[in-house]
Amino acid sequence: MSDIAVRMERVFKKFRKGEMYNSLRDLVPALTGRMFRQRELNDRDKREFWALEDVSFEVKRGEAFGIIGPNGAGKSTMLKVLSRVMKPTRGALHVNGKVSAMIELAAGFHQDLTGRENIYLYGSIMGMSKREITSKFDDIVDFSGLAEFIDTPVKRYSSGMYARLGFAVASHVNPDVLLVDEVLSVGDALFQRKSVERMRKIIQNGATVLFVSHNLKTVADFCSHTLLLDHGHPVTIGSTPDTITQYMSLLQQHRAEDQSRPVVITKVTARDAAGPCHRFHSGQKARIDVEVLAHEPCSKLAVVLYLLDQNYYPLFATSTERLGHGNVMLNPGDTLQCTFEVQLNLGPGVYYPSANLFRYESQQWFDSWEAAETIYVCSHEDITGPVNCFPKVIRQEVHRGDLREAKSHLSDKSETPENLGSAANRGRDCP
Amino acid sequence: MREELKELYKYRELLYTIAYRDVKVRYKQSIMGVLWAILMPILIVLSGVVVRYAYAVAAHVPLQTADITSVAVKSLPWAFLVSSIRFSCLSLTNNKDLVTKVYFPKEIFPVGAVLASLFDFMVASGALTIFLLLVHTGWSLYLIWVPFLLLTMVTLAAGIGMVVAAASLFFRDVKFVVEVFLTFGIFFTPVFYDVAMFGDKGKWLLLNPVSPILDAFGACVGRHQAPDLPWLAYSVSFAALSLIGGYAFFKHLEPGFAESV
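The shown structure was predicted, so the numbers you read here are calculated from the model rather than taken from an experiment. (Residues numbered from 1 in each chain as written. Chains lettered and ligands numbered in written order. Predicted model: local features only at pLDDT ≥ 70, side-chain atom pairs only at ≥ 80, totals over all residues.)

Run through the domain arrangement of chain A, naming residues and quoting values.
By domain assignment, chain A separates into domain 1 (4-98 + 175-241), domain 2 (259-378) and domain 3 (396-428). Relative to domain 2 of chain A, the C-alpha centre of domain 1 of chain A lies at a distance of 33 Å. (Domains from an automatic or database assignment.)

Below you can see the structure in the form of C-alpha cells.
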C-alpha cells in the first residue's frame, strides 16, 4: 500500500446552468422545437460553467487536509466528487480504502423511526455492517447523550438532538478516509467540545481526514495542509497558516469588487506601532486599520469595530461616532481609512476583530465583516477566560489547628498599600 | 457490469435495511398496521367479484366459487406488481438527500421498494391461504410452480422498477404516466377475467408479458393444472430481459443522478 490516501489528478467538473428539462411536458415541445431550429448549439456553450477546473492534490495517509474557499468556490462539488456521488467530467480520483462522508448529518434519518432504529439505518448507510453497529451501539448512544430518548421517534427530537445523534453515528464509522463538512458546530458548547475531541481521536487513530469548511478555526486546528479554492480554481496549496493568509486577502479582493453595496469594508488589519502584527501580549496596545470604499454617495456613516472571541461571541464594540469622531460623508470612489487603538486586556486565545458600517440616525447597516482579522493574544499569567484582570496572589495563609502558626507571604511586593487594599476588598466585600 | 454487481453484493446489508425501513415505516404510519398489506388485494378481489357477477348475470349462469378463487389468486401478484412499480418509481426522488450526498449503489432504492412490496405480498398470501382453505380449493403438486412464478414476478418488477425510478428522477411527470398505466393496466391483464374466456383470441391477451404469469398462478393454485409452458417461457424471458435491460439503463444513468435530482 502506498502512503497516499487520496490523490486527485487534474479534475474538471462541468455544470450546466439555467433551466433544464425536468419534465416530459417541457421536453417534448423542446425536442420538436429543436427540429426546426438549429441555433441551440451556440447557446449551450454559454450555459456551461466549470465548477472545478484543473484541481490536483495529494493527501498522505493519516494526514488532516483542509479545503477552504469563499461561497461558490466549488467546495460542495469537491465533496461530492470526493465522496464519489458525482463523477468528474475529466480527470481522475484515486482513493485508497473506505471513504465515508460526514456531511449534512442526519440526511439518512427517517422521521418516523426511533433513535435506535435510525442508528442502524444511518449506520448501514454510512457503510457499517449490522454486527459492527451492534458492537458500537452503546458507545454511540453514550456519546450522543440521548439514552433516555433512544426509543422515541426522531421526529420528536429537537434539531440539536437530531444533529447530536447524527454526529454520534457518523463519528463511529472508522473509515480510512473521512470527509467532514461543517459538522463540528452542532449541539451546545459542551457537545461541540466533545465533537472536537472525538475528531482529534479519529485523526490520532490514523484516519485520513479531509475538512471542507468555511470555519477557518477548525481547519487551522486540525489541518497541516490546506487547499484554497476560488471559482473552481485551485489558488494555492500549502501549509495551513499561509493558505489562510491568502484566503483573507482573497476575501478582501472580492469585497472591493462587490458592487452590490453602496459602501464596503475592504480591509481590516491589525498591527502594532511598528507594523503588521497578529501576535500580541495581554495588555499590549494594538492598532486596527479599517478601510472603506464607497460605490455610491453615502452620508452619516460610522465605522463600528467589534471583537469576537473564538466562539464568535461578541466581547466588545465601539465606533467612530461613539468615540466622538462624528460621522462622515463619502462620494463614489472615496475611500475612508481609520485606525482604532485598543488595549488588549484579554486572556490568552484567538480573537477576531470585526467591523461594520452603520448609520445611527436611521439604524441602518451597510456592510458587516465578521471575523475579518485574526489575532492571537498570549499572556504571562496562567489564566483562562476572555479578559485579563492581571491577577496576583498577594496573600495566602494557612491557619492550622496546631499551636504553631504557619504564615507565608508570597512576595515583598504584596506589602504595598495599594495591593493590600485590593486584597482587603476581595476578602470583605465580595463574599 | 461484474464490478457493479460485486459492489451491490457488498452493500446487500444496506439493501435489507432500506427494505426493512420501508416496511416498518409503512406499517407504522398506517393505523391499520398489517391490514395495509391486504387492503389493496381485498379491494381488487371485491371489484373482481362485482365484474364476475356481471358476467354471470349476462351469461345467465350462477356465480361459481371457482370464479372468486381465480380472481383472488391472481389479484395478489397483480397487487404486488402495482405496488412495487409505484414505490420504486418514487424511491429515488423520495430519498433525494441520500442520492445527492452518500455514495452507494442506488439500485438499492428501487430493489428495496420491490422487496418491501414482497413483504406485503407474503402477509397477504397468509390471508389468501386461509381463504382458500375455507372454500376447500384443495391442493395439487402444481403448487411447486408458485415460488418460480413469484421469482419471475419479482424479476419483472425489479426490472420495470429500476427503469421508472431512473426515469422519474430526470422527468418529474413520469410518475403520473406510470400511475395511469398502473390504474388501467388491470383491464389489459387477466385479473378479473380468465384468458380462456376469450377462446382463440386469448393469445393476443397473453402478449402482455404479465398475463401468462397471472394465468399460470390461476392454473397452479386455483385450477390444479400445469401452466401454459410456451407462454410462460415467453414471460420469463421478458422478465429476465427487463431485469438486465433495466439494470443496464439504471447504471448508465446513475452517474448523473446527483446533479439532476
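How would you summarise the sheet that holds strand β12 (residues 285-294) of chain A if you had to cite specific residues and measurements?
Residues and elements named next belong to chain A. As summarised here, the arrangement of the three strands in space is β10-β12-β16, forming an open sheet in which the pairing is antiparallel. Since the sheet does not close on itself, it has two edges, and those belong to β10 (263-271) and β16 (335-343), each with one partner. Pairs of neighbouring strands in the sheet enclose a mean axial angle of 20°, with direction left out of account. The pairing of β10 with β12 spans eight bridges and is antiparallel. Within the sheet, the bridge partner assigned to Thr 269 lies in β12 and is Asp 289. Where helix α9 (residues 240-257) meets the sheet, it contacts β10 and β12, and its direction lies at approximately 155° from that of β10. (Pairing = 2+ DSSP bridges. Helix = DSSP H or I, 4+ residues; strand = E, 2+ residues; numbered from the N terminus. Axes fitted to C-alpha atoms, helices over the stretch in contact; angles between N-to-C directions. Contact = placed C-beta atoms within 7 Å.)

So, helix α4 (residues 115-125) of chain A: which residues are in play, and what are the values?
Most of α4 of chain A is tucked away, with nine of its eleven residues classed as buried. Burial in α4 of chain A covers these residues: Gly 115, Glu 117, Asn 118, Ile 119, Leu 121, Tyr 122, Gly 123, Ser 124 and Ile 125 of chain A. (Buried ≥ 20, exposed ≤ 12 C-beta atoms within 10 Å, placed from the backbone.)

How would you sum up the pairing of strand β17 (residues 349-359) of chain A? Please name residues and give values.
All names here are of chain A. For β17, the buried fraction is high: eight of the eleven residues fall into the buried class. Bridging between strand β13 (residues 298-308) and β17 involves seven bridges; their strand directions are antiparallel. Its bridge partner being in β17, Leu 308 is matched across the sheet by Tyr 352. In the sheet, β17 pairs with strand β19 (residues 375-378) via three bridges, with the strands oriented antiparallel. Following the sheet pairing, Val 350 is matched in β19 by Tyr 376. Here five bridges tie β17 to strand β18 (residues 364-369), and the two strands are oriented antiparallel to one another. Counterpart to Leu 357 in the pairing with β18 is Asp 367.

Just give me the short version of helix α6 (residues 108-134) of chain B, but keep the residues and values in it.
Since the α-helix advances by 3.6 residues per turn, residues separated by three or four positions end up pointing in the same direction. Relative to the 39 Å expected for 27 residues at 1.5 Å per residue, α6 of chain B spans 39 Å between its end C-alpha atoms, a close match to the ideal helical length. In the stretch just after α6 of chain B, His 136 of chain B is the one whose phi turns positive, near 55°. (Expected span 1.5 Å × (residues − 1).)

Now, about the packing of helix α4 (residues 65-91) of chain B against helix α10 (residues 210-223) of chain B: what can you tell me, with residues and values included?
Residue and element names in this part refer to chain B. Direction vectors running N to C along α4 and α10 enclose 135°, while the axes themselves pass 9 Å from each other. Between α4 and α10, the angle is such that the two are oblique. As for the relative orientation of α4 and α10, their crossing is right-handed in sense. Residues Ala 66, Thr 69, Ser 70, Val 73, Lys 74, Pro 77, Trp 78 and Leu 81 of α4 lie in contact with α10, whose contacting residues are Val 210, Ile 213, Leu 214, Phe 217, Gly 218, Val 221 and Gly 222. (Parallel < 35°, antiparallel > 145°, perpendicular 65-115°, else oblique. Left-handed = near helix turned anticlockwise from the far one by under 90°.)

Kindly report on unusual backbone geometry, identifying the contributing residues and their values.
All names here are of chain A. At Asn 174, a position not held by glycine, the phi torsion is positive, near 55°. Look at His 231: it is not a glycine, yet its phi comes out positive at around 45°. Following the sequence through the fold, His 231 ends up in the loop between β8 (225-230) and β9 (233-239). His 231 sits in the partly exposed class, given 16 other C-beta atoms within 10 Å.

Can you tell me about the interface of chain B and chain A, naming the residues and giving the values?
Tallying the contact residues gives 22 residues for chain B and 25 residues for chain A. Looking at the side of chain B that touches chain A, the elements with two or more residues in it are α2 (12-29), α5 (96-101) and α12 (257-260) of chain B. A breakdown of the residues in the side of chain B that touches chain A according to their chemical character gives ten nonpolar, three polar and nine charged. (Nonpolar A, V, L, I, M, F, W, Y, C, P; charged D, E, K, R; others polar.)

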